[in-house]
Amino acid sequence: MEKYDVVAMGELLIDFTQNGYSEQGNPIFEANPGGAPCNVLAMLQKLGRKTAFIGKVGQDGFGLQLEKALKETGISTEGLCFDKEVHTTLAVVQNKEDGDRDFSFYRNPGADIMMSKEEVRNDLIQSAKIFHFGSLSLTDEPVRTATQNAVSVAEKAGIWISYDPNLRKPLWKSEKEAKEQICYGLKHCHILKISDDELIWLTGEQDYNRAVEKLRTEFSIPLILLSMGKEGSRAYCGNQMAEMTPFLTPNTIETTGAGDTFMGCMLHQILWKGYQNLSKQDMEEMLAFANAAASIITTRRGALRVMPEQAEIEELLKR
């Protein structure tokens, strides 16, 4: 079995992102391949890592477009399944006036939630160094059971587990259920990537250090990566905390995929530095590299197909 650096499981979907207006004043939307786990893998591929994806799309035009996008980026599609009955999941991403994004999902059901545990390629998970997943594959059955089963396969094989809650409130039946399921991921990961909003929502704490302490006390996660948007990012490992300012650019057009780009860069560095006993300097270097890549992706539409090259990231770091 071929060895993979990172195998990710979860949603692969079409992000309809607004790209101008027609002559009649109607918004024009571009069908970008998306889905957080694959965005992370696309960044890793750009950095020379070997990756594979496990997930499900519809046997339709969008599903075929997504398969093609994965093949173009070099992500292995061995674990990709097609659903004959249910269409590929769609998300419409609109920019709000405060610069944040508003997501509307067409997923009731969508093909990504139809993956059963029998369809998951356990051998792919067992061949990985890191298994990565998010909470969108915990929202509904049968994919929830499939994901939990995949996590237990990774645990039994001694694979490092990385998790991104990636909270999308409209996809949950209730906030109570969202918290319960998101906490499942927290209990089973070695590496957590969480945004400032998600951290406050989960812990009720406005102070980030106190909030992270709360999570560490309850779930004993070895490495916590906190993305803070325009405030930069932090990493917490053992008794060390590192913080890095962002690379703000006037050319930002949208922030879709910035967190996934950041996470791909962090996993790339974790593959050779590990996730334990990291020094403050280690973490500062890792965060600077990841922040630079995230800054570049905000100047492009979509994410999966347009991840930055290593040379571009290093060039920005030099500047």
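Conventions we followed
Residues numbered from 1 in each chain as written. Predicted model: local features only at pLDDT ≥ 70, side-chain atom pairs only at ≥ 80, totals over all residues. Heavy atoms only, no water. Phe/Tyr/Trp six-rings, centres within 6.5 Å; stacked < 30°, edge-to-face > 60°. Buried < 20%, exposed > 50% of the residue type's maximum accessible area, 1.4 Å probe, protein only. Helix = DSSP H or I, 4+ residues; strand = E, 2+ residues; numbered from the N terminus. Pairing = 2+ DSSP bridges. Axes fitted to C-alpha atoms, helices over the stretch in contact; angles between N-to-C directions. Contact = heavy atoms within 4.5 Å. Core = buried A, V, L, I, M, F, W, Y, C linked by side-chain atoms within 4.5 Å. Salt bridge = Lys/Arg side-chain N within 4 Å of Asp/Glu carboxyl O. Expected span 1.5 Å × (residues − 1).

*Asks:* Just to check I follow, could you spell out the packing of aromatic side chains for this structure?
*Replies:* The way to describe two aromatic rings as a pair is by their centre distance and the angle between their planes. Per the stated rule, a full pass over the model turns up 5 aromatic pairs. Pairing Phe-103 with Phe-105 gives two aromatic rings, centres 5.9 Å apart and planes at 10 degrees, and the pair type is stacked. Taken as a pair, Phe-103 and Phe-105 share a single burial class, namely buried. Measuring from ring centre to ring centre gives 5.0 Å for Trp-160 and Tyr-275, while their planes differ by 85 degrees; the resulting arrangement is edge-to-face. Of this pair, Trp-160 sits in strand S9 (residues 160–164) while Tyr-275 sits in the loop between helix H8 (258–273) and helix H9 (280–297), and the two are 115 residues apart along the sequence.

*Asks:* Quick question: what am I supposed to make of the sheet that holds strand S10 (residues 191–195) here?
*Replies:* Strand pairing in a sheet relies on backbone hydrogen bonds, with the paired strands running either antiparallel or parallel. One open sheet accounts for 9 strands, arranged S5-S4-S1-S8-S9-S10-S11-S12-S13; its pairing is mixed. Each of the sheet's edge strands pairs with one partner strand only, and the pair in question is strand S5 (76–83) and strand S13 (240–244). Sheet twist, expressed as the mean angle between neighbouring strand axes with direction ignored, is 15 degrees. Strands strand S1 (4–9), strand S8 (128–134) and S9 of the sheet are contacted by helix H4 (residues 143–156), whose axis makes an angle of about 155 degrees with S8.

*Asks:* Would you explain the nonpolar core in this entry?
*Replies:* Where a protein is soluble and globular, its nonpolar side chains tend to be buried together. Counting 53 residues, the largest nonpolar core has Leu-12, Leu-223, Leu-267, Ile-270 and Ile-313 as the members making the most contacts within it. Among the elements that take part in this core, H9 stands out by supplying 10 residues, more than any other. Not counting residues within four places of it along the chain, the set of residues in contact with Ile-270 comprises Ile-130, Trp-160, Ile-191, Leu-223, Tyr-275 and Met-286. Core analysis: the next-biggest nonpolar cluster, separate from the first, contains 47 residues, Cys-81, Leu-202, Tyr-208 and Ile-224 among them.

*Asks:* Help me out: how do you make sense of the pattern of salt bridges in this one?
*Replies:* Two side chains that carry opposite charge are able to pair once their charged atoms sit near each other. All chains considered together, the criterion is met by 20 salt bridges. For Glu-78, the salt bridge identified is with Arg-121, shortest N-O distance 3.4 Å. Of this pair, Glu-78 sits in strand S5 while Arg-121 sits in the loop between strand S7 (101–106) and helix H3 (122–126), and the two are 43 residues apart along the sequence. The shortest N-O distance in the salt bridge between Glu-243 and Arg-234 comes to 3.0 Å. What makes Glu-243 partly exposed here is its relative accessible area of 38%. Exposure remark for Arg-234: the relative accessible area of 13% places this residue in the buried category. Through salt bridges that share partners, Asp-5, Arg-49 and Lys-129 make up one connected network.

*Asks:* Would you mind going over the environment of Trp-172 with me for this structure?
*Replies:* For Trp-172, the position within the fold is in the loop between S9 and helix H5 (175–187). With 36 residues separating them along the chain, Trp-172 and Leu-136 place their C-alpha atoms 9.0 Å apart. If we ignore the near neighbours within four places in the chain, the residues touching Trp-172 are Ser-135, Leu-138, Thr-139, Arg-144, Leu-167, Glu-177, Ala-178, Gln-181 and Ile-182.

*Asks:* Got a minute to help me understand the sheet that holds strand S2 (residues 13–21) in this structure?
*Replies:* On the basis of which strands lie adjacent, the open sheet formed by 4 strands has the order S3-S2-S6-S7 and mixed pairing. The open sheet has two free edges, formed respectively by strand S3 (27–34) and S7, since each of these has just one partner strand. Ignoring which end each strand starts from, the neighbouring axes of this sheet average 30 degrees apart. With 6 bridges joining them, strand S6 (residues 90–95) and S7 adopt antiparallel strand pairing. Residue pairing across strands places Val-93 opposite Phe-103, the latter belonging to S7.

*Asks:* Please clarify how H4 should be interpreted in this entry.
*Replies:* Side chains three or four residues apart in an α-helix point the same way, a direct result of the helix having 3.6 residues per turn. When the terminal C-alpha atoms of H4 are compared, their 20 Å separation across 14 residues agrees well with the 20 Å that a helix rising 1.5 Å per residue should span. Regarding H4, the residues found buried are Val-143, Arg-144, Ala-146, Thr-147, Ala-150, Val-151, Val-153 and Ala-154. Remark: Gly-158 follows H4 within two positions and exhibits a positive phi of approximately 70 degrees.

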